Amino acid sequence: MKKSRTAFVAGALLLLSASTVAWVAPLLAATVEVKLNLPVRARIDLEDRKTIAPVPFIMVSREGEGRIPGQDIDIREEFERYLLKLLRRETDLKVLETGPVDFPTYDLEMLARDVDFWRLLGERTQADLLLAGSLDFDIQDRSGYRTEEYVSPWDGRTYRRQVLVEETGFEYDIVMQVFDGLTGELLYSDNFKDFKEYEGESSDPLVGMFQNLYSLEDRIVGIFAQKEVEASRVLFTD
């Protein structure tokens, strides 16, 4: 009886070991990671739409002037110049001029619902698409005292102390809207935000502004053009 029980236990352990190996084997199979370029379609339908007219963006600034304090830099002008270059470089759309635009309101939500305004602007410019929105660029002084550890050269012990860290933050907040130039209907709307932080209070605002734009570039282009994104996939070789 004792030998029979021993044989039963040994058989059970053998089966358990075989089962464990069966489950572990797939996990130990050889794998290889590959990089794939996957196409991502444009956010809006561009069929039969060949032209676009960027409308002056509505400036939302805490300073109220749309300029960087202490510098002769027009934020909207720099942004719109960059946007035109981006559209011409990265899309197949022909960029048209709108000329002066007299907005019936500066409330972006109300303006987006004014179908007649956008339809008439599309008729005037003969553009298939109208690009509009709002723009805000904020400079933040984020300097302050931080707690850090340091080792005393006198007794080798670790202490905590308060140190002043000077940091400047640059934040872009962009609302982009695309309207159908024929019907005046809103085709696309999104809010793009980016924040960059640099040590030192003397950080160049113009550099910070364009660093924000570079970070948002792919998202902006993706509205009007098919993009390729790189993705990783794991393949089993056995």
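For the structure, see preceding data.
Now for a quick tour of the structure. What you see is a predicted model; the values in this text were computed from it and never measured.

## Structural notes on the pattern of salt bridges
Reasoning step 1: Tallied over the entire structure, the rule returns seven salt bridges.
Reasoning step 2: One salt bridge connects Lys-193 with Asp-173, and the closest N-O pair in it is separated by 3.9 Å. Highlighted residues: Lys-193 in strand S9 (residues 186-199) and Asp-173 in strand S8 (residues 167-180), separated in sequence by 20 residues.
Reasoning step 3: Looking at Asp-173, the relative accessible area reads 23%, which means it is partly exposed.
Reasoning step 4: Salt bridges here are not isolated pairs; linked through shared partners, they connect Glu-77, Glu-78 and Arg-81.

## Things to note about the side chain of Thr-91
Reasoning step 1: Along the chain, the position of Thr-91 falls in the loop between helix H2 (75-90) and strand S4 (94-95).
Reasoning step 2: Taking the relative accessible area as the measure of exposure, Thr-91 reaches 9% and is therefore buried.
Reasoning step 3: At 2.6 Å, the side chain of Thr-91 forms a polar contact with the backbone oxygen of Leu-87.
Reasoning step 4: Of the polar contacts made by the side chain of Thr-91, one reaches the backbone nitrogen of Leu-93; its length is 3.3 Å.

## Section: the pairing of strand S2 (residues 51-54)
Reasoning step 1: What you see with S2 is no split at all: Thr-51 and Ala-53 on one side and Ile-52 and Pro-54 on the other are buried throughout.
Reasoning step 2: Sheet topology note: the S2/S4 ladder contains two bridges and is parallel. By the bridge assignment, Thr-51 is partnered in S4 with Lys-94.

## Looking at the packing of aromatic side chains
Reasoning step 1: If you walk through the whole model with that rule in mind, you get five aromatic pairs.
Reasoning step 2: Each ring, one from Trp-118 and one from Phe-179, has its centre 3.9 Å from the other, and the planes form 10 degrees; the classification is stacked. Within this pair, whereas Trp-118 is found in helix H4 (residues 115-125), its partner Phe-179 is found in strand S8, the two being separated by 61 residues in sequence. Across the pair, exposure class does not vary: Trp-118 and Phe-179 are buried alike.

Reading the values: rules and limits
- Residues numbered from 1 in each chain as written.
- Predicted model: local features only at pLDDT ≥ 70, side-chain atom pairs only at ≥ 80, totals over all residues.
- Heavy atoms only, no water.
- Salt bridge = Lys/Arg side-chain N within 4 Å of Asp/Glu carboxyl O.
- Helix = DSSP H or I, 4+ residues; strand = E, 2+ residues; numbered from the N terminus.
- Buried < 20%, exposed > 50% of the residue type's maximum accessible area, 1.4 Å probe, protein only.
- Polar contact = N/O pair within 3.5 Å; in protein donor to acceptor, adjacent residues only side chain to side chain.
- Pairing = 2+ DSSP bridges.
- Phe/Tyr/Trp six-rings, centres within 6.5 Å; stacked < 30°, edge-to-face > 60°.

It is worth stressing that arrangement in space is one thing and function is another; only the former is reported here.
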